[in-house]
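Fold and geometry: a report
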Amino acid sequence: MSEATVLNPVLAGLYIDGTWRGGNEPLTVINPSNEERLAIVSGGDAEAVNEAVHAAQAAFEAWSKTTGAARAMILRQIASGVAAQRERLMHLQSSNNGKPGFEAAIDVDDVIATFNYYADLAEASDGQQNRVIELPSEDFTARLRREACGVVALIVPWNFPMVTTAWKLAPALAAGCCVVLKPSEVTPLAELELAQIIAASGVPTGVFNVVCGTGLAVGAPLSAHPGIAKVSFTGSNAAGVQVMQRAAETVKGVSLELGGKSSLLVMADADLDLAVELASGGSYFNAGQMCSATSRVLVAQELLAPFLERIVAKARSIKVGGPLEEGVEMGPLVNQAQYQRVTHHIEAGKACGARLLCGGQRPTGRARGYFLEPAVFADVPLDSALWREEIFGPVLCVRGFSSEAEAVALANDSQFGLVASVVSGNGETADRVANALHAGMVWINAPQVIFPQTSWGGYKQSSLGRELGPWGMQAFQEIKHVVRAV
């Protein structure tokens, strides 16, 4: 793609067997800041999926037998290519997704770090292959091998384009798998630019394939395809269930990163200013469109009144606007469907008795674009959708608690268990609470920093499996033991 991306071109949405081409399913890509068309992406269908899977199958044997060091060279080349196009990729993120510049920069830097991290892991894997396993008998020897599981399908969401792709693609390539990637039809522009970088990195033909399209046209046949050994999906719980059902037809591996309804716990000894900053970031970053949003804020009763006063002031101070405007802290929601979904939740919350303290409406002077002022609710009923369901928008709900045990119980009372945050001035208290929370990631007095070295995934209905860290690479590997009689 060129700078003409913002001038309504028609873009090829298929990269199969080393060749870019168009498909039969046009996808209109919208700028959420002004509701204008950015581009049309020519996407694929079941036939394109089949071609991509066959291309990946043909490339698998040779690619899976390459050394980790050889794969590491390509992963580092991708990281370098992303770094060279950093500003361009940031611009595409902002234009297509609505992310302010500082958020887009975090995303691109995360992509670079992830590819470099898995390059290191791929390189190190050469020395770990055929590891000798100690046995209780001297009559046998055993060695351990980790081998690529096969051709994998990577289905990624719209809220973190490129980031979620990197979290899946880098470990899959490092493990020796061949890939068919389905970007979100809502935000494919930065993904297609990333694909161009990957195509130019020296990756062999057929190892990496892209099929843009909708969930019905591409995601469904990809999940059910008998040539796919593993599906890695990030998205809604409803879509994740459908992916799992289709994958079950051919008994393939599945990893799911799904929803969350996470809590931030402000203990009685917390630094109130820090708590407000972390609550704001945990609920309003990326306009609240995060599975990790800590949108349920539990505050010690003695701090509740001053916390509410400060969080309302903070929410009202956030500058909402187009992502390329100077000083903007929060951009628009991604599209009309998401805007309507979030505003419906806000109206339903008011109807059920929750108290809206600020926000929740279109900012003054923003007649176009999917903009929404950051909302703060108090007195939210525990059985309401506002408290229990993932809203995926800039909506923060506050509730007081009288004891540590009550706070932990309220936080754990959810079908989800992705993340949590604890704010406390006492290290022992913070650790005790963190250990009691049913979540895959807990931050203590810290923003939602994520490192490639740590795992990503949660308890209950939030996840099946883990991404990032060595676990991310192992998710794309089979384990083989070779036992020999002496």
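Since the model is a prediction, treat every value here as computed from it, not as a measurement. (Residues numbered from 1 in each chain as written. Predicted model: local features only at pLDDT ≥ 70, side-chain atom pairs only at ≥ 80, totals over all residues. Heavy atoms only, no water.)

Brief notes about the overall build of the protein chain
In plain terms, the rule: The numbering of helices and of strands both runs from the N terminus, where a helix is a DSSP run of H or I of at least 4 residues and a strand a run of E of at least 2. We call a residue buried when its accessible area falls under 20% of the maximum for its residue type, exposed when it is over 50%, and partly exposed in between, using a 1.4 Å probe and counting protein chains only. Any pair of residues with heavy atoms lying within 4.5 Å of one another is described as a contacting pair. Under the convention used here, a 1.4 Å probe and the Shrake-Rupley method define accessible areas, while residue burial counts only the protein chains that appear.
Of regular secondary structure, the protein chain possesses 15 helices and 23 strands. C-alpha extents for the protein chain along the principal axes are approximately 70 × 65 × 40 Å. Expressed as a percentage of its 486 residues, the buried residues of the protein chain come to 57%. Summarising the internal contacts of the protein chain: among those between residues at least 6 apart in sequence, 73% fall at separations of at least 24. Looking at the protein chain as shown, the accessible area adds up to about 19000 Å², and 52% of this sits on carbon and sulfur atoms.

Some thoughts on the packing of aromatic side chains
Rules: Side-chain rings of Phe, Tyr and Trp (the six-membered ring for Trp) are treated as a pair once their centres are within 6.5 Å; stacked means planes under 30 degrees apart, edge-to-face means over 60, and tilted covers the remaining angles. Two thresholds decide whether a charge sits over a ring: the Lys NZ or Arg CZ must be within 6 Å of the ring centre and within 35 degrees of the ring normal.
A full pass over the atoms with the stated rule returns eight aromatic pairs. Plain terms: the ring middles of Trp 443 and Trp 456 are 6.4 Å apart, the flat faces sit at 45 degrees to each other, and that makes the pair tilted. Note that Trp 443 is positioned in strand 20 (residues 441–444) and Trp 456 in the loop between strand 20 and strand 21 (459–460), a separation of 13 residues in sequence. Each member of the aromatic cluster is reached from another via a ring pair, and the members are Tyr 15, Trp 20 and Phe 208. A cation sits over an aromatic face here: Lys 230 above Phe 476, 5.2 Å from the ring centre. Over the face of the ring belonging to Phe 371 we find Arg 366, whose NZ or CZ atom lies 5.0 Å from the ring centre.

Considerations on the nonpolar core
Heads up, the condition is: Residues grouped as a nonpolar core are buried Ala, Val, Leu, Ile, Met, Phe, Trp, Tyr and Cys residues, joined through side-chain atoms within 4.5 Å.
The biggest cluster of nonpolar side chains holds 101 residues, and the ones touching the most others in it are Val 82, Phe 115, Val 179, Phe 208, Val 211 and Trp 456. Residue contributions to this core peak at 10 residues, all from helix 4 (residues 101–125). Those residues in contact with Val 211 that lie beyond four places of it in its chain are Gly 13, Leu 14, Ile 16, Gly 44, Ala 48, Val 49, Ala 52, Val 180, Leu 181, Lys 182, Pro 183 and Val 218. Grouped together as the second largest cluster of nonpolar side chains are 59 residues, Val 297, Ala 315, Phe 371 and Leu 437 included.

Focus on the sheet that holds strand 6 (residues 131–133)
Applicable threshold: Pairing between two strands is assigned when DSSP locates at least 2 bridges connecting them. Comment: axis = line fitted to C-alpha atoms, over the contacting stretch for helices; angle = value between 0 and 180 degrees taken between N-to-C directions.
Across the sheet, which stays open at both edges, the three strands sit in the order 6-7-23 with antiparallel pairing between neighbours. The open sheet terminates on both sides in strands that have one partner only, identified here as strand 6 and strand 23 (477–485). The sheet shows a mean angle of 30 degrees between the axes of neighbouring strands, direction not considered.

Comments concerning the pairing of strand 13 (residues 263–266)
Side chains of strand 13 alternate between two faces, with Ser 263 and Leu 265 and Leu 264 and Val 266 buried alike. Relative to strand 14 (residues 296–300), strand 13 runs parallel, the two being bridged by four bridges. Counted as the bridge partner of Leu 264 is Val 297 from strand 14. Of the strand pairs in this sheet, strand 13 and strand 19 (residues 419–423) are connected by four bridges, and their pairing is parallel. Within the sheet, the bridge partner assigned to Leu 265 lies in strand 19 and is Val 422.

Quick notes on the sheet that holds strand 5 (residues 36–43)
Paired through their backbone hydrogen bonds, the strands of a sheet run either parallel or antiparallel. Strand order in this open sheet of three strands is 1-5-4, and the pairing throughout is mixed. Pairing within the sheet leaves two strands with one partner each, and these edge strands are strand 1 (10–12) and strand 4 (25–31). Averaged over all pairs of adjacent strands, the angle between their axes in this sheet comes to 30 degrees, without regard to strand direction. With three bridges connecting them, strand 1 and strand 5 associate as parallel partners. Across the sheet, residue Leu 11 finds its bridge partner in strand 5, namely Val 41.

A look at the packing of helix 13 (residues 404–412) against helix 14 (residues 427–436)
Filter applied, for reference: In a left-handed crossing the near helix is turned counterclockwise from the far helix by less than a right angle, and in a right-handed crossing that turn is clockwise. Residue type decides the class: Asp, Glu, Lys and Arg count as charged, Ala, Val, Leu, Ile, Met, Phe, Trp, Tyr, Cys and Pro as nonpolar, and the leftover types, Gly among them, as polar.
Taken N-terminus to C-terminus, the directions of helix 13 and helix 14 make an angle of 35 degrees; their axes are 10 Å apart at the nearest point. Here the hand of the crossing between helix 13 and helix 14 comes out right-handed. Residues Glu 404, Val 408 and Asn 412 of helix 13 lie in contact with helix 14, whose contacting residues are Thr 429, Arg 432, Val 433 and Ala 436. Split by residue class, the contact of helix 13 with helix 14 holds three nonpolar, two polar and two charged.

Concerning the confidence of the model for the protein chain
The criterion, for reference: The pLDDT value tells you how sure the predictor is about a given residue, anywhere from 0 up to 100.
On average, residues of the protein chain carry a pLDDT of 96, and 98% of them reach 70 or more. A low-confidence stretch, residues 1–7 stays under pLDDT 50, and its non-local contacts, those more than four residues away or across chains, total 19 contacts.

Overview of the environment of Asn 237
As for its position among the elements, Asn 237 is in helix 8 (residues 237–248). With a relative accessible area of 18%, Asn 237 lands in the buried category. Excluding residues that lie within four positions of it along the chain, Asn 237 makes contacts with Leu 258, Gly 259, Phe 416 and Gln 461.

Considerations on the packing of helix 1 (residues 46–64) against helix 7 (residues 215–224)
We apply this condition: Orientation labels follow simple angle bins: below 35 degrees gives roughly parallel, above 145 gives roughly antiparallel, 65 to 115 gives roughly perpendicular, and whatever is left gives oblique.
Closest axis-to-axis distance for the helix 1/helix 7 pair is 8 Å, and the angle between their directions is 45 degrees. Relative to helix 7, the element helix 1 is oriented oblique. For helix 1 against helix 7, the interelement crossing comes out right-handed. Across from Ala 46, Val 49 and Val 53 in helix 1, the residues of helix 7 making contact are Ala 217, Val 218, Pro 221 and Leu 222.

Some words on empty space enclosed by the protein
We apply this condition: Two kinds of site are reported from a 1 Å grid over the protein atoms alone, namely cavities, where a 1.4 Å probe fits but cannot get out, and pockets, open sets with protein on both sides within 12 Å along at least five of seven lines, and residues are called lining when an atom falls within 4 Å of a point. Grid points are joined across faces, edges and corners, and a volume is the space filled by probe spheres set on the points.
Going through the model one piece at a time under the given rule, you end up with three cavities of 30 Å³ or more. Here the largest cavity is characterised by a volume of approximately 90 Å³. In this structure, the largest cavity is lined by 15 residues; those nearest its centre are Ala 411, Phe 416, Gly 417, Val 419 and His 438. In terms of residue class, the lining of the largest cavity is built from seven nonpolar, six polar and two charged. The computed volume of the second largest cavity comes to approximately 60 Å³. What lines the second largest cavity is Gly 260, Lys 261, Gly 288, Met 290, Ala 293, Ser 295, Glu 390, Ile 391, Phe 392, Gly 393 and Val 395.

With respect to helix 9 (residues 272–284)
Here is the rule: Here a helix's expected span is defined as the number of its residues, less one, multiplied by 1.5 Å. Two N or O atoms form a polar contact when they lie within 3.5 Å of each other; inside protein one atom must be a possible hydrogen donor and the other a possible acceptor, and for residues adjacent in sequence the pair counts only when both atoms belong to side chains.
Given a rise of 1.5 Å per residue, 13 residues ought to cover 18 Å, and the 18 Å separating the end C-alpha atoms of helix 9 matches this to within 8%. Among the residues of helix 9, those classed as buried are Leu 272, Ala 275, Val 276, Leu 278, Ala 279, Ser 280, Gly 282, Ser 283 and Tyr 284. Two or three places before Asp 273, at the start of helix 9, stands the capping residue Asp 271, its side-chain oxygen 3.0 Å from that residue's backbone nitrogen. Following helix 9 by one or two positions, Asn 286 adopts a phi angle in the positive range, close to 55 degrees.

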